[in-house]
Amino acid sequence: MNLPALVLQLLLLLLLAPLVSGVIKNWKAKLQNRRGPRPWQVYFDLAKFLRKDMVISEHASWVFSFAPYVVFLTALLTGLMVPMVHTPAPLSLYGGVLAVVGLLALGRFFLALGGLDPASAFGGMGSSREMTLSAIAEPALMLAIFTVAITAKSTDLSQIALSTQSATGKLLNPAHVLAFAAMFVVLLAETGRIPVDNPATHLELTMIHEAMLLEYSGRHLAFMEWGASIKQLVLMTLFLNVFFPVGLAGPGAGAGALGLSLLAFLAKLLALSAAVVVVETTNAKLRLFRAPDLLSAAFVLATLALLSTFLFH
Amino acid sequence: MNPSAATEISSQAITLMATLMLLVQLLMTAQRMLLTSIRLFAIQSLLLAGIAALVAYHHNASHVYVVAGLTLIGKVIFLPWLLNRLVHRIQIHQEIEPLLNAPTSMLICGGLTLLGYVLARPFTSMERLGNNTLGIALTLLLTGFFLMINRRKALTQVLALLTVENGVMLAAVALTSYGMPLVVELGIFFDVLVAVMVLGILVYRIRESFASMDTSKLNQLKG
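Bear in mind the structure is a predicted one, so any value in this text is a computation, not a measurement.

Thresholds, definitions, all that
Residues numbered from 1 in each chain as written. Chains lettered and ligands numbered in written order. Predicted model: local features only at pLDDT ≥ 70, side-chain atom pairs only at ≥ 80, totals over all residues. Helix = DSSP H or I, 4+ residues; strand = E, 2+ residues; numbered from the N terminus. Buried ≥ 20, exposed ≤ 12 C-beta atoms within 10 Å, placed from the backbone. Contact = placed C-beta atoms within 7 Å. Rg over C-alpha atoms; globule rule 2.2 N^0.38 Å. Expected span 1.5 Å × (residues − 1). Axes fitted to C-alpha atoms, helices over the stretch in contact; angles between N-to-C directions. Parallel < 35°, antiparallel > 145°, perpendicular 65-115°, else oblique. Left-handed = near helix turned anticlockwise from the far one by under 90°. Nonpolar A, V, L, I, M, F, W, Y, C, P; charged D, E, K, R; others polar. Core = buried A, V, L, I, M, F, W, Y, C linked by C-beta atoms within 7 Å. pLDDT = per-residue confidence, 0-100.

(A) View of the overall build of chain B. Counting its regular elements, chain B contains 7 helices and 0 strands. The N-to-C order of helical and strand elements in chain B reads α-α-α-α-α-α-α. Within chain B, the proportion of its 223 residues that are buried is 43%. Counting contacts in chain B only where the partners sit at least 6 residues apart, residues at least 24 apart contribute 74% of the total.

Next comes the structure, spelled out in structure tokens:
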């Protein structure tokens, strides 16, 4: 394992994730003719949460205090398995697609438990909603990644990125287009973006992710929020580097190539954030009972993508 | 660029655009807002015009350019405009609950896509430009029919008919490698144009006399 690469990616994950959330928030405000918080405001929020005292319900068990760390660490570990600025990813020897999806599911499981544990009405509601939606979003995510994995003949994400990269000059093939569309919907759902969940509201009738965090405060809240933004960055990276690994530095690249790769990655990340901002601004939030429609559409698209890898040959 | 590389690239571009057409069709199945459905149809027709233009460029078939141009003018600009005006005139913007709900109809469309691919399989071994598009054309045909059966508003049924027509055009362009004879294309094109205009008037009349666009009400006696 390559230690500098590990440290670089760890730093990127920890420091870039809040900035991405901040940039999306800022751009969204700009697009809606508001001034909006500065992009780096999220750092100050996190620092403040870390300094504050925690209020923990007397009915809460150890699960409540344990959950934020699990959420944070699973997001971080997943991030180290996804190639970000160079292949192979630092922890790629320890797991591929399945490990990534599994770790994300573990984090989500503890997030839902943390919502349920203090026995507040909203927390339970949020957990139940999260589980309902992720029951459809998760298979769609897996099928979409499997589509690419079958083309690359490997479930190792670095291998997948390399094989997509070696196919440059070719356009996306039909299977990839369908998987791409499915994955974008899943990305919106998993990061709690607008057609499915609204990240900017604490309105009890509509919230999903926020409802589970209601009882958290202080350091726990900081880890929850930080973990959520890291998870968002990881999913965006997964999306970008699986479908568009343009500029991704190969194994044994020098410092110059790494810098170039980093720049390409940041550019792609900003473009994807812009797309998310546009979708969030131009769409209204779906009624909760309509959200499964959207996600099952993503599921069908991913299934078709998987089928057409076998049929188009 | 050598000719085989050019063929490779345009073949891929055609398959890509055809897949996008399929994607738009699937979105239309899940969509209930009439104006958005019309917009989706316009996008689908734009992709079809793009495919026709690519085929025309590749085979130096100047009459396919005419087809592309007609598609662009007729189906991307004129028909959506006409239908938009109709929607504004009858003041109904949303489709009522279709017979089958969105997830079920998506699943059925998935099955139909599979059927389309399987049916097209024996033909796709032929070495032609964008040969994979036949499966998609068949799928557009099948899902178009399904959309027509599943929806109750006359306007959406008209849209479904138009997507079926898009499927036929795609098959014509993809399968015959330089399109059908111009006369046939023109015939189909004006047929559809006139059909939609007539249907538009019909939709308006249905709305006037039944105070609804729900075609399932047409089998009731009017006293």
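(B) Expanded view of the overall build of chain A. Of the regular secondary structure elements, chain A holds 11 helices and 0 strands. Reading chain A from its N terminus to its C terminus gives the helix and strand order α-α-α-α-α-α-α-α-α-α-α. Radius of gyration (C-alpha) of chain A: 19 Å, near the 20 Å computed for a compact globule of 313 residues. Each principal axis of the C-alpha atoms in chain A carries an extent, and together these give about 60 × 40 × 40 Å. Across the 313 residues in chain A, those meeting the buried criterion constitute 50%. Here the contacts in chain A between residues at least 6 apart in sequence split such that 79% fall between residues at least 24 apart.

(C) Here's a closer look at helix α7 (residues 182-210) of chain B. Spanning 29 residues, α7 of chain B covers 41 Å between terminal C-alpha atoms, matching the ideal 42 Å at 1.5 Å per step. A positive phi of about 55 degrees marks Ala211 of chain B, the residue just after α7 of chain B.

(D) Quick peek at the packing of helix α3 (residues 62-81) of chain A against helix α9 (residues 218-243) of chain A. Residue and element names in this part refer to chain A. For the pair α3 and α9, the least separation of the axes is 8 Å and the interaxial angle reads 25 degrees. Between α3 and α9, the crossing angle belongs to the class labelled roughly parallel. Our pair here, α3 against α9, has a crossing hand that is left-handed. Each of Ser65, Pro68, Tyr69, Val71, Phe72, Ala75, Leu76, Thr78 and Gly79 in α3 lies in contact with α9, whose residues at this interface are His220, Phe223, Met224, Trp226, Gly227, Ile230, Lys231, Leu233 and Val234. When its residues are assigned to classes, the contact of α3 with α9 shows 12 nonpolar, 5 polar and 1 charged.

(E) Looking closely at the nonpolar core. Ala140 and Ala182 of chain A together with Leu170 of chain B are the most contacted members of the largest nonpolar core, which totals 155 residues. If we ignore the near neighbours within four places in the chain, the residues touching Ala140 of chain A are Ala182, Val186, Leu295, Ala298, Phe299 and Ala302 of chain A.

(F) Region of the structure containing the interface of chain B and chain A. Contacts between the two partners involve 18 residues from chain B and, on the opposite side, 20 residues from chain A. Here the side of chain B that touches chain A takes 9 residues from helix α1 (residues 3-30) of chain B, the largest share from any one element. Taken together, the residues of the side of chain B that touches chain A break down into 12 nonpolar, 6 polar and no charged.

(G) Focus on the confidence of the model for chain B. Of all residues in chain B, 88% have pLDDT values of 70 or greater, and the mean over the chain is 80. Within chain B, helix α2 (residues 34-59) of chain B carries the highest mean pLDDT (89), whereas α7 of chain B carries the lowest (77).

(H) Representation of the environment of Ala67 of chain A in the model. All names here are of chain A. Secondary-structure assignment places Ala67 in helix α3. Taking C-alpha positions, Ala67 is 9.5 Å from Phe223, a pair spaced 156 residues apart along the chain. Setting aside its immediate chain neighbours within four residues, Ala67 contacts Phe110, Leu111, Leu113 and Gly114.

(I) Main features of the packing of helix α1 (residues 3-31) of chain A against helix α10 (residues 255-282) of chain A. All names here are of chain A. The N-to-C vectors of α1 and α10 enclose an angle of 45 degrees; their axes lie 9 Å apart at closest approach. On the basis of the axis angle, α1 is oblique to α10. For α1 against α10, the interelement crossing comes out right-handed. Along the contact surface, α1 presents Val20, Val23, Ile24, Trp27, Lys28 and Leu31, while α10 presents Leu269, Ser273, Ala274, Val276, Val277, Glu280 and Thr281. Residue classes in the contact of α1 with α10 are distributed as 9 nonpolar, 2 polar and 2 charged.

(J) Representation of unusual backbone geometry within the structure. Residues and elements named next belong to chain A. For the bond running from Thr87 to Pro88, omega is -10 degrees, close enough to zero to count as cis. Here Pro88 lies in the loop between α3 and α4 (97-116). Although it is not a glycine, Ala119 sits at a positive phi angle of roughly 60 degrees. If you trace the backbone, Ala119 turns up in the loop between α4 and α5 (121-152).

(K) Focus on the environment of Phe72 of chain A. As for its position among the elements, Phe72 of chain A is in helix α3. Residues Phe72 of chain A and Ser154 of chain A, 82 residues apart in the sequence, show an inter-C-alpha distance of 28 Å.

(L) Just the environment of Leu307 of chain A, in detail. All names here are of chain A. With respect to the helices, strands and loops of the structure, Leu307 is situated in helix α11 (residues 291-311). For Leu307, a count of 19 C-beta atoms within 10 Å translates into the label partly exposed. Each C-alpha atom of the pair Leu307 and Ser92 lies 27 Å from the other, and the pair is 215 residues apart in sequence.

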